[in-house]
Every structure is written in structure tokens, then in C-alpha cells.
Amino acid sequence: MDDKLIQLLTTKLRDKNTPMAEFRAAADKLALVLVHQAAQFLHVKQITVTTPLEQSAQGTELRENIVLVPILRSGLALLPAFLQYFPHARVGFVGLKRDEKTAIAHLYYKKLPPIKAEDQVLVLDPMIATGGSGASTLKIVTELGIRQEQIIFIGVIAATPGIEEINHEFPHVKVIVACRDQKLNAAKYIVPGLGDFGDRYFGSE
Ligand code: URA
């Protein structure tokens with residue numbers, strides 16, 4: 001994305017010499033930028049408030065409830081930024097672990113709150129590689145009766161094959177990412193990418 005702040009932060013994330021604490025700090029700041037971008041697509045309604053000067057002022061408030069769905073485990077890194085802005089959001093979790101040999105994601109955990117058809121669902125996953133985890137999560141959410149138009153998918157880096165997969169399967173889901181990379185390597189990691197986001201954020205390498 002052609003935005004200097006995003007470039008500065010993603011450069012920190014991509015650099016293999018960035019230590020864990022700095023990686024985490026850059027990711028947390030970038031998550032706040034992504035909240036800002038996602039918010040442009042949220043539905044709001046016009047309201048009038050009264051200021052302490054007893055004047056009317058026009059404003060907005062969210063029209064729909066927000067439900068956040070981080071994909072475990074990397075999606076957890078984006079969650080605090082979204083909760084900061086949307087403290088009333090319910091949170092659901094989808095746990096997908098990809099088989100390192102086949103790169104196919106297997107569902108090992110699912111716990112979703114009640115979601116109403118009109119709620120806005122924000123799916124959080126920093127790395128869209130093959131699009132497999134994202135598509136599996138979108139399938140789970142849409143099978144609950146949530147329209148694609150109500151869903152925003154938020155990530156840090158998306159590889160072209162992953163974006164194409166999601167756009168093909170879920171053409172009406174809005175996808176917001178900080179940057180796009182062209183390809184995947186043989187192990188289905190995004191290149192140039194930033195390595196394993198979860199390992200670098202949580203220090204599990
Ligand atoms: N998940 C990651 O953390 N990194 C990749 O490059 C692909 C999937």
C-alpha cells in the first residue's frame with residue numbers, strides 16, 4: 001500500500017534482524033492503522049448529540065454490532081487494536097493449523113458467539129498465503145447465515161494466490177491488507193513475506 005506509515009512498519013516486520021519486542025511493537029501499531037482502514041467500510045448512522053455548551057452537534061455511531069473473529073493463533077495479534085476501538089465487540093475464535101507438508105489447514109477449534117444476520121464480522125489473520133485458512137473461516141461464518149457483504153477480512157500481507165482464492169470463493173467479502181506479495185515458496189510461505197508471523201510475534205521460534 002502506498003502509505004509511508006505502513007511502509008515503515010511493514011519494513012520493520014519484514015526485516016529478519018528485528019527482534020521480537022520490536023516486531024511486536026510494529027505489528028501492534030500496524031494493527032491500529034488497519035482498524036482505521038477497516039472502519040471506512042463499517043456501516044454508521046447519523047445521530048445528534050448535545051455538547052456541554054447545550055449545542056446540538058451532528059455525529060455518527062455504528063449501525064451494527066461488530067463481531068471479531070481472529071484466526072488462531074496469529075490473528076490474536078490483531079485483536080487488541082480492534083478491541084481498543086470496538087470494546088463492545090463479541091469475539092469468536094477459529095483455530096486452524098496448517099500441515100507443514102501439505103499446507104492444508106485443519107480446523108482444531110471453533111467457538112463463535114451468537115451472530116445476528118445484520119452484524120458486521122471482521123475476520124483477523126495477518127498472513128493470507130494460500131487463502132486456505134481464510135476461506136475455511138469465511139465458510140464457517142457464511143454458513144451461519146452472514147452475508148458476504150457484512151464481512152471484512154483484515155490481514156498484514158497477502159500473497160496473490162491467497163487473495164485470488166478468497167476473491168474467487170467470496171467475491172463480496174471486503175479484503176483489507178497492508179501489502180501484497182506476488183508469490184509463495186515451495187513450503188507455501190509468502191515471499192518475500194516476513195517469515196512465520198506467529199513465531200515472530202509470540203517468540204515461539
Ligand atoms: N503464515 C505465516 O506466518 N507466514 C507465511 O508466510 C505464510 C503463512
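In short, a report on the structure. Here the residue numbers are simple positions, counted from 1 along each chain's written sequence. Totals for whole chains, interfaces and linings use all residues, but because this is a predicted model, local features are given only for residues with pLDDT of at least 70 and pairs of side-chain atoms are given and counted only at 80 or more. Side-chain numbers here rest on the full set of heavy atoms in the structure, without hydrogens or water.

### Quick notes on the site of the ligand
And then number 1: Throughout, the term near means that a residue has one or more heavy atoms lying within 4 Å of the molecule or strand in question. Looking at the ligand, the residues that line it are R98, M127, A129, Y189, I190, G195, D196 and F197.
And then number 2: Take G195: an N or O atom from its main chain is 2.8 Å from a nitrogen atom of the ligand.
And then number 3: Distance and chemistry together define a polar contact, namely a pair of N or O atoms within 3.5 Å, with one atom able to donate a hydrogen and the other to accept it when in protein, and with adjacent residues in sequence counting only for side-chain atoms on both sides. F197 is positioned such that a nitrogen or oxygen atom in its backbone is 2.8 Å from an oxygen atom of the ligand.
And then number 4: For accessible areas, the Shrake-Rupley method is used with a probe of radius 1.4 Å. Any residue's cover is judged against the shown protein chains and nothing else. Protein contacts shield 89% of the accessible area of the ligand, which totals 240 Å² for the unbound molecule.
And then number 5: When each cavity is represented as a set of grid points, the ligand is found to reside in the largest pocket.
And then number 6: For the shell around the ligand, a count of residues per class yields 5 nonpolar, 1 polar and 2 charged. Cavity: a set of points on a 1 Å grid over the protein atoms alone where a 1.4 Å probe fits but cannot get out. Pocket: an open set with protein on both sides within 12 Å along at least five of seven lines, its lining residues, like those of a cavity, having an atom within 4 Å of a point. Each molecule is checked against the cavity or pocket grid, and it sits inside if more than half of its atoms lie within 2 Å of the grid points. Nonpolar residues are Ala, Val, Leu, Ile, Met, Phe, Trp, Tyr, Cys and Pro. Charged residues are Asp, Glu, Lys and Arg, and all others, Gly as well, are polar.

### Structural notes on the pattern of salt bridges
And then number 1: Counted as salt bridges are all cases of a side-chain nitrogen of Lys or Arg within 4 Å of a carboxyl oxygen of Asp or Glu. Considering all chains together, one arrives at 8 salt bridges under this definition.
And then number 2: Across the pair E64 and R63 runs a salt bridge whose closest N-O atoms are separated by 3.2 Å.
And then number 3: The residue R73 makes a salt bridge to D199 at a minimum N-O spacing of 2.7 Å. A residue pair is termed long-range when its members are at least 10 positions apart, and R73 in the loop between β3 (66-72) and α3 (79-85) and D199 in helix α6 (residues 197-202) qualify at 126 residues. Under the scheme used here, helices are H or I runs from DSSP no shorter than 4 residues and strands are E runs no shorter than 2 residues, and both carry numbers assigned from the N terminus.

### What to know about the nonpolar core
And then number 1: We define the nonpolar core as a collection of buried residues of types Ala, Val, Leu, Ile, Met, Phe, Trp, Tyr and Cys that are connected through side-chain atoms lying within 4.5 Å of one another. Under the scheme applied here, a residue whose accessible area is under 20% of the maximum for its type counts as buried, over 50% as exposed, and between as partly exposed, the area being computed with a 1.4 Å probe on protein chains only. In this structure, L30, F82, L122, I154 and F197 are the most contacted members of the largest nonpolar core, which totals 38 residues.
And then number 2: Mapped by element, the contributors of at least two residues to this core are α1 (4-14), α2 (20-39), β3, α3, β7 (120-124), β9 (151-159), β10 (174-181) and α6.
And then number 3: The greatest single-element share of this core, amounting to 9 residues, is contributed by α2.
And then number 4: By definition, residues are in contact when any of their heavy atoms lie within 4.5 Å. Excluding its chain neighbours within four sequence positions, the residues that come into contact with F82 are A31, L34, V35, A38, L68, L122, L124 and I154.
And then number 5: If you look at the next biggest cluster of nonpolar residues, it comprises 23 residues, including I71, V141, A158 and F170.

### Quick notes on the pairing of strand β5 (residues 93-98)
And then number 1: Across 2 bridges, β3 lies against β5 in parallel orientation. Residue L72 lies in a different strand from β5, and its bridge partner there is G95.
And then number 2: Pairing of β5 with strand β6 (residues 105-111), which is carried by 6 bridges, proceeds in the antiparallel orientation. If you follow L96 over to β6, its bridge partner there is L107.
And then number 3: Where β5 hands over to β6, the hairpin turn is made up of 6 residues, of which A103 adopts a positive phi near 65°. In this description, strands pair whenever DSSP reports at least two bridges between them.

### Topic: the pairing of strand β2 (residues 56-62)
And then number 1: Where strand β1 (residues 44-50) lies against β2, 7 bridges are found, and the strand directions are antiparallel. Note that in β2 the partner of V49 across the bridge is A57.

### Some details on helix α5 (residues 160-169)
And then number 1: Here α5 has its buried residues at G162, I163 and I166. Seen from one end, α5 has its buried residues packed into an arc of 95°, which puts them on one side. Within α5, the exposed residues directed more than 90 degrees away from the buried face are E164 and H168.
And then number 2: Next to the buried residues of α5 lie β8 (127-128), α4 (132-142), β9 and β10. An arc is given here, and it is the one of the directions from the helix axis to the C-beta atoms.

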